[in-house]
Amino acid sequence: MDYRNMKDQALVDEYILTSDNDCIKELVDRYKSKIYTYILLNVKDVELAEDIFQETFIRVIKSLRKGRYMEKGIFLSWVVRISHNLIVDHYRRDKHLKITSSDQADADIFNSKKFADKNVEDEMVQSRIEFEVRQLINELPKEQKEVILLRHYGEMSFKEIADQTGVSINTALGRMRYALINLRKMIEDRNLRLYA
């Protein structure tokens, strides 16, 4: 069976029905870049991000097997919430953990098939732009950074973001507005050219 053309919900239903690991493999392949990037931007440590990424999909599989998936049609948002909760759990366990960033790992995150048709120079420029944007996002206040990550990497609606973070939709929208204002100001102050 060709799973590449199946919608997320159909793959979830098929996995629940048949336990066919190819369904999960297809879902992981679809979203691994977004989920991993979301985790890495939060923890800033490659090994820790890989551990949390693996734990996220272990939780996904366990939840599906136990019939706990009730999020019809929003698989990615559900997985982002699981990874977010694992990140929070990690910080609760070790509040004083010092986290460092690996520039080498950051440069490799966005190696994906969507860039395959570009020449090497275009790919390097695109990687540099994405690296600089991630650096800017990391400098935002915590609440603004969180809403940017959930919205753009987790593809959550503002209602989902509000529910996830325990604030009103207006507060979530306000945080996004201030995040974008701050990002624009940082770009202008540093004379960055964030386009190819």
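Check the entry above for the structure.
In short, a report on the structure.

Criteria and thresholds
Residues numbered from 1 in each chain as written. Predicted model: local features only at pLDDT ≥ 70, side-chain atom pairs only at ≥ 80, totals over all residues. Heavy atoms only, no water. Axes fitted to C-alpha atoms, helices over the stretch in contact; angles between N-to-C directions. Helix = DSSP H or I, 4+ residues; strand = E, 2+ residues; numbered from the N terminus. Parallel < 35°, antiparallel > 145°, perpendicular 65-115°, else oblique. Contact = heavy atoms within 4.5 Å. Nonpolar A, V, L, I, M, F, W, Y, C, P; charged D, E, K, R; others polar. Buried < 20%, exposed > 50% of the residue type's maximum accessible area, 1.4 Å probe, protein only. Lys, Arg positive; Asp, Glu negative; His and termini not counted. Salt bridge = Lys/Arg side-chain N within 4 Å of Asp/Glu carboxyl O. Core = buried A, V, L, I, M, F, W, Y, C linked by side-chain atoms within 4.5 Å. Phe/Tyr/Trp six-rings, centres within 6.5 Å; stacked < 30°, edge-to-face > 60°. Lys NZ or Arg CZ within 6 Å of the ring centre and 35° of its normal.

### Some points on the packing of helix α7 (residues 142-153) against helix α9 (residues 169-189)
Close contact between α7 and α9 brings their axes to 8 Å; oriented N to C, the two are set at 100°. Here α7 lies roughly perpendicular to α9, going by the angle between them. Here α7 contributes Glu 143, Gln 144, Val 147, Ile 148, Arg 151 and His 152 to the contact with α9, which in turn contributes Ala 172, Arg 175, Met 176, Tyr 178, Ala 179, Leu 180, Asn 182 and Leu 183. Each residue belonging to the contact of α7 with α9 can be placed in one class, and the counts come to 8 nonpolar, 3 polar and 3 charged.

### Comments concerning the side chain of Lys 145
Along the chain, the position of Lys 145 falls in helix α7. No salt bridge is formed by the buried Lys 145, whose closest oppositely charged neighbour, Glu 146, lies at an N-O distance of 9.8 Å. Leaving out residues up to four positions away in the same chain, Lys 145 has contacts with Leu 41, Asn 42, Lys 44, Ile 137, Asn 138 and Leu 140.

### Quick look at helix α1 (residues 8-18)
Along α1, the residues that are buried comprise Asp 8, Gln 9, Leu 11, Val 12, Glu 14 and Tyr 15. Contacts made by the buried residues of α1 are with α2 (21-43), α3 (46-65) and α4 (75-93). Of the residues one or two after α1, Ser 19 is the one with positive phi, at around 60°.

### Comments concerning the nonpolar core
Counting 49 residues, the largest nonpolar core has Ile 35, Tyr 38, Ile 39, Val 60, Leu 64, Phe 75 and Trp 78 as the members making the most contacts within it. If you list the elements that add at least two residues to this core, you get α1, α2, α3, α4, α6 (120-139), α7, α8 (158-165) and α9. Take this core: its biggest share by element is 12 residues, from α2. In this structure Trp 78 touches Val 60, Ser 63, Leu 64, Tyr 69 and Glu 71, once residues within four positions along its chain are discounted.

### Thoughts on the side chain of Glu 14
Mapped onto the secondary structure, Glu 14 falls in helix α1. The charged side chain of Glu 14 is buried without a salt bridge, its nearest counter-charge being Arg 30 at 12 Å. Beyond its immediate chain neighbours, meaning those up to four positions away, Glu 14 contacts Met 1, Tyr 3, Met 6, Ser 19 and Cys 23.

### Some thoughts on the pattern of salt bridges
Any two side chains of opposite charge can pair, given that their charged atoms come close. Overall, the coordinates contain 10 salt bridges when judged by the stated rule. Residues Asp 2 and Arg 4 are paired through a salt bridge, measuring 3.1 Å at the closest nitrogen-oxygen approach. For Asp 2, a relative accessible area of 39% corresponds to the partly exposed category. A relative accessible area of 62% places Arg 4 in the exposed class.

### Considering the packing of aromatic side chains
One pair of aromatic rings is described through two measures. These are the centre distance and the angle between the planes. Counted by the stated rule, this structure contains 6 aromatic pairs. Taken together, a centroid distance of 5.2 Å and an interplanar angle of 55° make the contact between Phe 53 and Phe 57 tilted. In this pair, Phe 53 and Phe 57 are both assigned in helix α3, 4 residues apart and thus about one turn of the helix distant. Of the residues examined, Phe 57 reaches a relative accessible area of 6% and is grouped as buried. Ring centres of Phe 75 and Trp 78 lie 5.9 Å apart, and the angle between their planes is 55°; on these two criteria the pair is classed as tilted. Residue Phe 75 and its partner Trp 78 are located together in helix α4, separated by 3 residues, close to a single helical turn. Among the residues examined, Phe 75 registers a relative accessible area of 2% and is labelled buried. Through a chain of ring-to-ring contacts, the aromatic side chains of Tyr 31, Tyr 69, Phe 75 and Trp 78 assemble into a single cluster. Across from the ring centre of Tyr 178, 5.4 Å away, lies the NZ or CZ of Arg 177, which sits over that ring.

### As for unusual backbone geometry
The phi angle at Ser 19 is positive, at roughly 60°, despite the residue not being glycine. With respect to the element layout, Ser 19 can be found in the loop between α1 and α2. Ser 19 sits in the partly exposed class, given a relative accessible area of 46%.

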